[in-house]
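Summary of the model geometry
Okay, here's what each chain looks like letter by letter:
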Amino acid sequence: MAGLLGETDLVKLMSFSDDLVAVLKKQTSIDSLSQCLDESKALRTFSEAEFDEVHTQLQDYEKKIEECKQKTAKAKLEVCDDAEIGLLQKELEAELNEELINNQISGLELQRVSIDKQIQLRKKLDREELRAQKKLSMYASVTNIIPDLDNRSTISGPVDIVDRDKRMVEKFELDPTESTPFGTCESIWKLINHR
């Protein structure tokens with residue numbers, strides 16, 4: 001009875017290792033996360049450029065308003081009719097304020113859309129990262145292997161084999177160019193069984 005249970009566990013473990021090798025070969029999750037991070041950086045750069053442009057436009061409008069005020073003050077000195085000058089000044093300020101407000105509203109709308117896109121992208125990245133962390137945690141719990149995801153030239157890269165009872169960590173590296181997928185799987189099994 002105990003032998004049958006051991007063989008069943010061994011079959012499940014072999015199936016899981018085949019799945020693990022396939023996932024580690026695939027690397028689409030890592031590439032997808034990297035691509036999303038790159039897109040997030042590009043979106044952030046675009047947003048900062050848009051903000052700078054709106055800020056520059058705002059400063060230009062403030063300069064125009066100041067120039068108009070100076071022209072109005074100069075015109076007041078030259079013209080005797082104060083009532084007419086006051087009316088023209090109010091009309092000019094109203095037009096400039098309306099133009100400034102319209103430009104600010106359109107700039108803020110562009111920023112809102114950009115920020116909404118960033119928020120959606122960030123949420124997507126967070127979900128994908130959480131999913132990848134859970135998957136990696138499951139693999140680590142089942143096999144006691146924690147892969148180093150920084151090295152993409154190997155199937156699993158430098159890997160820590162964690163044995164909590166012995167409190168030891170062994171490092172090893174598997175290169176897919178030196179072995180077949182079956183050979184790589186066999187090497188992983190030997191390392192797991194060696195403990």
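- Going by the annotation in an unreviewed UniProt entry, the name recorded for the protein is Kinetochore protein Spc24, with Linum trigynum given as the source organism.

**As for the confidence of the model for the protein**
- Per-residue confidence for the protein gives a mean pLDDT of 77, with 70% of residues at or over 70.
- Of all helices and strands in the protein, the one with the weakest mean pLDDT is strand β2 (residues 159-163) (53), whereas helix α3 (residues 82-143) scores best (87).

**Quick word on the pattern of salt bridges**
- One pass over the structure, following the stated rule, counts three salt bridges.
- Residue Asp-116 is joined to Arg-112 by a salt bridge in which the shortest nitrogen-to-oxygen separation is 2.8 Å. Here Arg-112 and Asp-116 lie together in helix α3, a separation of four residues that amounts to about one turn.
- The class for Arg-112 is partly exposed, based on a relative accessible area of 42%.
- The partner of Asp-126 in a salt bridge is Arg-122, with the nearest N and O atoms 2.9 Å apart. Residue Asp-126 and its partner Arg-122 are located together in helix α3, separated by four residues, close to a single helical turn.
- Each of Glu-109, Arg-112 and Asp-116 takes part in salt bridges that share partners, so that together they form one network.

**A short note on the layout of surface pockets**
- Approximately 170 Å³ is the volume attributed to the second largest pocket.
- Taken together, Leu-43, Phe-46, Ser-47, Glu-50, Phe-51, Leu-110, Gln-111, Val-113, Ser-114, Ile-115, Lys-117 and Gln-118 make up the full set of residues lining the second largest pocket.
- Of all the secondary structure elements, the ones that give two or more residues to the lining of the second largest pocket are α2 (28-78) and α3.
- Top element by residues in the lining of the second largest pocket is α3. It accounts for seven residues.
- When grouped by side-chain class, the residues that make up the lining of the second largest pocket number six nonpolar, four polar and two charged.

**Some details on the nonpolar core**
- Residues Tyr-61, Ile-65, Cys-68, Leu-96 and Leu-100 constitute the largest nonpolar core, which totals five residues.
- Not counting residues within four places of it along the chain, the set of residues in contact with Cys-68 comprises Leu-92 and Leu-96.

**What about the side chain of Thr-72?**
- Position of Thr-72 among the secondary structure elements: in helix α2.
- What makes Thr-72 buried here is its relative accessible area of 9%.
- A polar contact is formed between the side chain of Thr-72 and the backbone oxygen of Cys-68, at a distance of 2.7 Å.
- Not counting residues within four places of it along the chain, the set of residues in contact with Thr-72 comprises Ile-85, Gln-89 and Leu-92.

**Notes on a positive patch on the surface**
- A surface patch of positive charge is lined by Lys-123, Lys-124, Arg-127, Arg-131 and Lys-135.
- Tracing the chain through its elements places Arg-131 in helix α3.
- Residue classification places Arg-131 among the exposed residues on the basis of a relative accessible area of 53%.

Thresholds applied
Residues numbered from 1 in each chain as written. Predicted model: local features only at pLDDT ≥ 70, side-chain atom pairs only at ≥ 80, totals over all residues. Heavy atoms only, no water. pLDDT = per-residue confidence, 0-100. Helix = DSSP H or I, 4+ residues; strand = E, 2+ residues; numbered from the N terminus. Salt bridge = Lys/Arg side-chain N within 4 Å of Asp/Glu carboxyl O. Buried < 20%, exposed > 50% of the residue type's maximum accessible area, 1.4 Å probe, protein only. 1 Å grid on protein atoms, 1.4 Å probe; cavity = no way out; pocket = protein on both sides within 12 Å on 5 of 7 lines; lining within 4 Å. Points joined across faces, edges and corners; volume = space filled by probe spheres on them. Nonpolar A, V, L, I, M, F, W, Y, C, P; charged D, E, K, R; others polar. Core = buried A, V, L, I, M, F, W, Y, C linked by side-chain atoms within 4.5 Å. Contact = heavy atoms within 4.5 Å. Polar contact = N/O pair within 3.5 Å; in protein donor to acceptor, adjacent residues only side chain to side chain. Patch = residues over 30% accessible without salt bridge, like charges linked within 9 Å, V, L, I, M, F, W, Y side chains within 5 Å. Areas by Shrake-Rupley, 256 points an atom, 1.4 Å probe, with all protein chains shown as cover. Lys, Arg positive; Asp, Glu negative; His and termini not counted. Charge placed at Lys NZ, Arg CZ, Asp CG, Glu CD.

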